[in-house]
Amino acid sequence: MFIEDFEKYLREERGLSDNTVTAYLSDIDHFERFLLSQGVRDLSEAGGPHIVAYLVELKKSDKSKSTVNRKLTSVKTFYRFLLREGAVSEDPTRDIKSPRIEKKDIQFLSVQDIDRLMSLPDDTVKGLRDRAILELMYATGLKASELVDLEVADVNLYMGFVKCSGEHVKARIVPIGRPAKNAIQKYLEEARPQLTRGRETPILFVNYLGEAMTRQGLWKVVGEYGVKGGFSVKLTPQIIRNSFAVHMLQNGADVKSIQELMGNEDVAAIQAYLQATKNRIKDVYDKTHPRA
């Protein structure tokens, strides 16, 4: 009963994606099996010592700090939910702190690398589609899952914006510039009809079968251009999204605007982009100032 209500809470109130909900439920299932091994028959009967014992067990099994943190976050979220529902009188995770992990620097492309990336697709059917994809990703900072869910009706080339309103994402309007508009228009006029071959589908980006492109397919496309371009980082949709955010901040955009454009409710998540911008400025200073 607790698990079903928790899943409903994650989906309907938190608006989390299917993958994220699945991860939460998997973590809770893992924790519940641990409790059973300790003779605890009900999740609501767990106390602080059980949480600590669980963390020790994870450490013994050589789980990475990031994995331990994720599992602990799932357990914390679950018990906060139970506390809110009145299923427990106190939160057993209240005094449990997550292991500290070193933050990795955000990876992103330079503006020059972005320009080079956009020059890589050719004028074949595939190239026209891929250029539209790359231009739109950089123009909007959309996640891979959001981009593959876009429909033709979500794009307004006359007004210059896309509407992002997937089932598990925060609905928002994101402006697009002239390069993205031109690339999308050319794709819609010259490439997409050849890919769909007359088949009716509302999805904007399709594969060779005229069917909706998958996240895996999108990652493959982006990765191919990463290899072709010989960039210093392994190119992924997330790196293009990072580049969008960092370049906007470098050119004066405020954190709140970036937060809204990217559909990210957590300002703390934007701070990583801001830190990358500060690091970049310091790097330029160190390399160019005579007395740095």
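See the structure above.
What comes next is a walk through the structure. (Residues numbered from 1 in each chain as written. Predicted model: local features only at pLDDT ≥ 70, side-chain atom pairs only at ≥ 80, totals over all residues. Heavy atoms only, no water.)

## Description of the overall build of the protein chain
Reasoning step 1: If you tally the helices and strands in the protein chain, you get twelve helices and three strands.
Reasoning step 2: Buried positions account for 40% of the 292 residues belonging to the protein chain.
Reasoning step 3: In the protein chain, once contacts between residues fewer than 6 apart in sequence are set aside, the share between residues at least 24 apart is 58%.
Reasoning step 4: Looking at the protein chain as shown, the accessible area adds up to about 16900 Å², and 50% of this sits on carbon and sulfur atoms. (Helix = DSSP H or I, 4+ residues; strand = E, 2+ residues; numbered from the N terminus. Buried < 20%, exposed > 50% of the residue type's maximum accessible area, 1.4 Å probe, protein only. Contact = heavy atoms within 4.5 Å. Areas by Shrake-Rupley, 256 points an atom, 1.4 Å probe, with all protein chains shown as cover.)

## So, helix H6 (residues 125–140)
Reasoning step 1: Over its 16 residues, H6 runs 23 Å from end to end, which matches the ideal 22 Å to within 8%, given 1.5 Å per residue.
Reasoning step 2: For H6, the tally of buried residues reaches twelve of 16 residues, placing the bulk of the element in the interior.
Reasoning step 3: By the burial criterion, the buried members of H6 are Gly 127, Leu 128, Arg 129, Asp 130, Arg 131, Ala 132, Ile 133, Leu 134, Glu 135, Leu 136, Met 137 and Thr 140.
Reasoning step 4: One or two positions beyond H6, positive phi appears at Gly 141, with a value near 75°. (Expected span 1.5 Å × (residues − 1).)

## Re the environment of Gln 38
Reasoning step 1: Topologically, Gln 38 is positioned in the loop between helix H2 (18–37) and helix H3 (48–60).
Reasoning step 2: The class for Gln 38 is partly exposed, based on a relative accessible area of 45%.
Reasoning step 3: In the structure, Gln 38 is positioned 15 residues away from Ala 53 in sequence and 9.5 Å away in space, judged by C-alpha atoms.

## Some words on the side chain of Asp 130
Reasoning step 1: Secondary-structure assignment places Asp 130 in helix H6.
Reasoning step 2: Every residue in contact with Asp 130, bar those within four places of it in the chain, is listed here: Pro 121, Val 221 and Tyr 225.

Honestly, it's all geometry; don't read function into it.
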